[in-house]
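Below are the chains, spelled out letter by letter.
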Amino acid sequence: QVQLVEAGGGLVQPGGSLRLSCVASGFTLEYYAIGWFRQAPGKEREGVSCISSSVNYSVKGRFTISRDNAKNTVSLQMDSLQPEDTAVYYCAARETPFCGRWTTDYDYWGQGTQVTVSS
């Protein structure tokens, strides 16, 4: 059974950092594309980062995605956080092992972790 579990969210001051993790079970994420998405209040869910065997990108220069195959985990390092980064952050896996642009491109989703950036 495929399962994704996010962790690492919380409350952080503007300018601070958080590192989110996405732990996979039931499959080996090395052979999937893994994306990070976020959904802020009143906004659509948007993609922020993705990693696959061929690409590694983030739409924000302050964010960095990485993979630890030994731990079957993908992480998102977020630096210089601002209030507009406040959202629920989700990881998602795609069986077709190429990064996709849309939420509908992905097959499996975690339950999300809340990130709040506030003074």
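Residues numbered from 1 in each chain as written. Predicted model: local features only at pLDDT ≥ 70, side-chain atom pairs only at ≥ 80, totals over all residues. Heavy atoms only, no water.

Asks: Even after reading the chapter, I still don't get the state of the cysteines, so can you show me in this structure?
Replies: Structurally, a disulfide amounts to a covalent bond that connects the sulfur atoms of two cysteines. Going through the model one piece at a time under the given rule, you end up with two disulfides. Two residues, Cys 50 and Cys 99, share a disulfide whose sulfurs are 2.0 Å apart. With the S-S bond torsion at -95°, the cross-link from Cys 50 to Cys 99 turns out left-handed. Here Cys 50, found in strand β5 (residues 46-51), pairs with Cys 99, found in the loop between β9 (87-94) and β10 (108-109); they are 49 residues apart in sequence, far enough to count as distant. The cystine pairing of the chain, numbering bonded cysteines in sequence order, is 1-3, 2-4. (Disulfide = S-S within 2.5 Å. Helix = DSSP H or I, 4+ residues; strand = E, 2+ residues; numbered from the N terminus.)

Asks: Before we go on, may I ask you to explain the sheet that holds strand β1 (residues 3-7) in this structure?
Replies: Hydrogen bonds between backbone atoms are what pair the strands of a sheet, whose relative direction is either parallel or antiparallel. Spatial ordering of the open sheet is given by β1-β3-β8-β7, a layout of four strands whose pairing is antiparallel. Looking at the sheet topology across the chains shown, the edges are occupied by β1 and β7 (63-68). When the angles between neighbouring strand axes are averaged without regard to direction, this sheet yields 15°. Relative to strand β8 (residues 73-78), β7 is paired through six bridges, and the arrangement is antiparallel. Across the sheet, Asp 68 pairs through a bridge with Thr 73, a residue of β8. (Pairing = 2+ DSSP bridges. Axes fitted to C-alpha atoms, helices over the stretch in contact; angles between N-to-C directions.)

Asks: When you look at the packing of aromatic side chains in this model, what are you seeing that I'm missing?
Replies: When we look at a pair of aromatic rings, we describe it by the centre distance and by the angle of the planes. Here the structure, examined in full by the defined rule, presents six aromatic pairs. The interplanar angle of 50° and the centroid separation of 5.0 Å between the aromatic rings of Phe 37 and Trp 109 together place this pair among those described as tilted. With Phe 37 in strand β4 (residues 33-39) and Trp 109 in strand β10, this pair connects stretches of sequence that are 72 residues apart. Since its relative accessible area comes to 2%, Phe 37 is described here as buried. Using a relative accessible area of 25% as the deciding quantity, one classes Trp 109 as partly exposed. Among the aromatic residues, ring-to-ring pairing joins Phe 37, Tyr 90, Tyr 106 and Trp 109 into one connected group. Positioned above the aromatic ring of Tyr 90 is the side chain of Arg 45, whose terminal nitrogen or guanidinium carbon lies 3.8 Å from the ring centre. Here Arg 45 stacks its cationic end above the ring of Trp 109, 5.1 Å away from the centre of that ring. (Phe/Tyr/Trp six-rings, centres within 6.5 Å; stacked < 30°, edge-to-face > 60°. Buried < 20%, exposed > 50% of the residue type's maximum accessible area, 1.4 Å probe, protein only. Lys NZ or Arg CZ within 6 Å of the ring centre and 35° of its normal.)

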